[in-house]
Amino acid sequence: NMKMKRNKQNQAVFPLRGKVLNTINKDLSDALENEEIKGIITCLGCGVGENFNIDNLRYDKVIIATDADVDGGHIELLLMTLFLFHLPQLVEAGKIYTAISPLYKIVNRQGTKYYYTEGDAKNKTGTVSRFKGLGELPPEELQLTVLNPDYRRLVQLKPLDLEEAKT
């Protein structure tokens, strides 16, 4: 769905197959033996370690989009760990973001609204849909809530996060 609805002119999608390697205690050479990590590095184009060159980064923003559940949160954390510990230059340059996935859609007389926390959707009236993951979102809703720069919600991974992660 995400590949289908992305803007091919300026958006690419790198689908992961399950959880990625936890790289927090891994040397760069060990991390690069993992196929998923190798694929991410290749996709970014900027290299890593001594071969890193931010000028070769293929994208203005690298957005981590995972399901809004425990597994998705774990995958997001593993990816953030990769960036914080092995590609900190991308964090320092403000290139890494996480997408906030909607949890609920409520349709009523006022129209359609998406809610990103249970608290926000509480006590709202209308037809309520609960999303378990990005794969459940119809392509049009995925495009609107996660891919469209005018409507999506992003959180930037900041250098302060890098400092906190290292302590």
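Refer to the structure above for everything that follows.
These figures come from a predicted structure and were not determined experimentally.

**A word on the packing of helix H3 (residues 35-44) against helix H4 (residues 70-86)**
Relative placement of two packed helices is described by the angle separating their axes and the distance separating the axes.
Link 1 in the chain: Between H3 and H4, the shortest axis-to-axis distance is 12 Å and the interhelical angle comes to 60°. Relative to H4, the element H3 is oriented oblique. Every pair of crossing elements has a handedness; the one defined by H3 and H4 is right-handed. Taking contact as the criterion, the partners of Ile37, Ile40 and Leu44 in H3 are, on H4, Leu79, Leu82 and Phe83.
Link 2 in the chain: Here the residues of the contact of H3 with H4 are counted per class, giving six nonpolar, no polar and no charged.

**A word on the layout of surface pockets**
Link 1 in the chain: Space inside the largest pocket adds up to approximately 1100 Å³.
Link 2 in the chain: Looking at the lining of the largest pocket, the elements that each hand over two or more residues are helix H1 (2-5), H3, strand E1 (62-64), H4 and helix H7 (139-147).
Link 3 in the chain: No other element matches H4, which puts five residues into the lining of the largest pocket.
Link 4 in the chain: Looking at the lining of the largest pocket residue by residue, the class counts come to 22 nonpolar, seven polar and eight charged.

**A few points about the pairing of strand E4 (residues 111-115)**
Link 1 in the chain: Where strand E3 (residues 104-108) and E4 come together, five bridges link them in antiparallel fashion. Bridging from a neighbouring strand, Asn108 pairs with Gly111 of E4.

**Looking at unusual backbone geometry**
Link 1 in the chain: Positive phi is not limited to glycine here, since Asn123 has a value of about 65°.
Link 2 in the chain: Its place among the elements puts Asn123 in the loop between helix H6 (118-121) and strand E5 (127-130).
Link 3 in the chain: Assessed through its relative accessible area of 74%, Asn123 is described here as exposed.

**Details of the packing of aromatic side chains**
Link 1 in the chain: A complete count under the given rule lists zero aromatic pairs for this structure.
Link 2 in the chain: Against the face of Tyr97 rests Lys61, its NZ or CZ located 5.7 Å from the ring centre.
Link 3 in the chain: The ring centre of Tyr104 lies 5.3 Å from the NZ or CZ of Arg130, which sits over that ring.

**Considerations on the side chain of Thr81**
Link 1 in the chain: Relative to the helices and strands, Thr81 is located in helix H4.
Link 2 in the chain: Not counting residues within four places of it along the chain, the set of residues in contact with Thr81 comprises Asn22, Thr23, Ile24 and His86.

**Some remarks on H3**
Link 1 in the chain: Within H3, seven of the 10 residues are buried, which leaves the element mostly enclosed by the surrounding structure.
Link 2 in the chain: Taken as a whole, H3 has its buried residues at Glu36, Ile37, Gly39, Ile40, Ile41, Cys43 and Leu44.
Link 3 in the chain: Tucked inside the fold, the buried residues of H3 contact helix H2 (28-31), E1, H4 and helix H5 (88-92).
Link 4 in the chain: The N-capping residue of H3, defined by a side-chain oxygen 3.0 Å from the backbone nitrogen of Glu36, is Asn34.
Link 5 in the chain: Remark: Gly45 follows H3 within two positions and exhibits a positive phi of approximately 85°.

**Notes on empty space enclosed by the protein**
If a probe as big as a water molecule is rolled over the atoms, it shows which places are left empty.
Link 1 in the chain: Under the counting rule described, the total for this entry stands at one cavity of 30 Å³ or more.
Link 2 in the chain: Along the walls of the largest cavity sit Asp67, Ala68, Ser101, Pro102, Leu103, Arg130, Phe131, Lys132, Gly133 and Leu134, which together make up its complete lining.

**Some thoughts on the sheet that holds E3**
Link 1 in the chain: Pairing is antiparallel in the open sheet, where three strands are placed in the order E4-E3-E5. Each edge of the open sheet carries a strand with a single partner, namely E4 and E5. On average, adjacent strands in this sheet sit at an angle of 15° to one another, irrespective of strand direction.
Link 2 in the chain: Bridge count between E3 and E5: four bridges; the pairing is antiparallel. Directly across from Ile106, in E5, lies its bridge partner Val128.

What counts, and at which threshold
Residues numbered from 1 in each chain as written. Predicted model: local features only at pLDDT ≥ 70, side-chain atom pairs only at ≥ 80, totals over all residues. Heavy atoms only, no water. Axes fitted to C-alpha atoms, helices over the stretch in contact; angles between N-to-C directions. Helix = DSSP H or I, 4+ residues; strand = E, 2+ residues; numbered from the N terminus. Parallel < 35°, antiparallel > 145°, perpendicular 65-115°, else oblique. Left-handed = near helix turned anticlockwise from the far one by under 90°. Contact = heavy atoms within 4.5 Å. Nonpolar A, V, L, I, M, F, W, Y, C, P; charged D, E, K, R; others polar. 1 Å grid on protein atoms, 1.4 Å probe; cavity = no way out; pocket = protein on both sides within 12 Å on 5 of 7 lines; lining within 4 Å. Points joined across faces, edges and corners; volume = space filled by probe spheres on them. Pairing = 2+ DSSP bridges. Buried < 20%, exposed > 50% of the residue type's maximum accessible area, 1.4 Å probe, protein only. Phe/Tyr/Trp six-rings, centres within 6.5 Å; stacked < 30°, edge-to-face > 60°. Lys NZ or Arg CZ within 6 Å of the ring centre and 35° of its normal. Polar contact = N/O pair within 3.5 Å; in protein donor to acceptor, adjacent residues only side chain to side chain.

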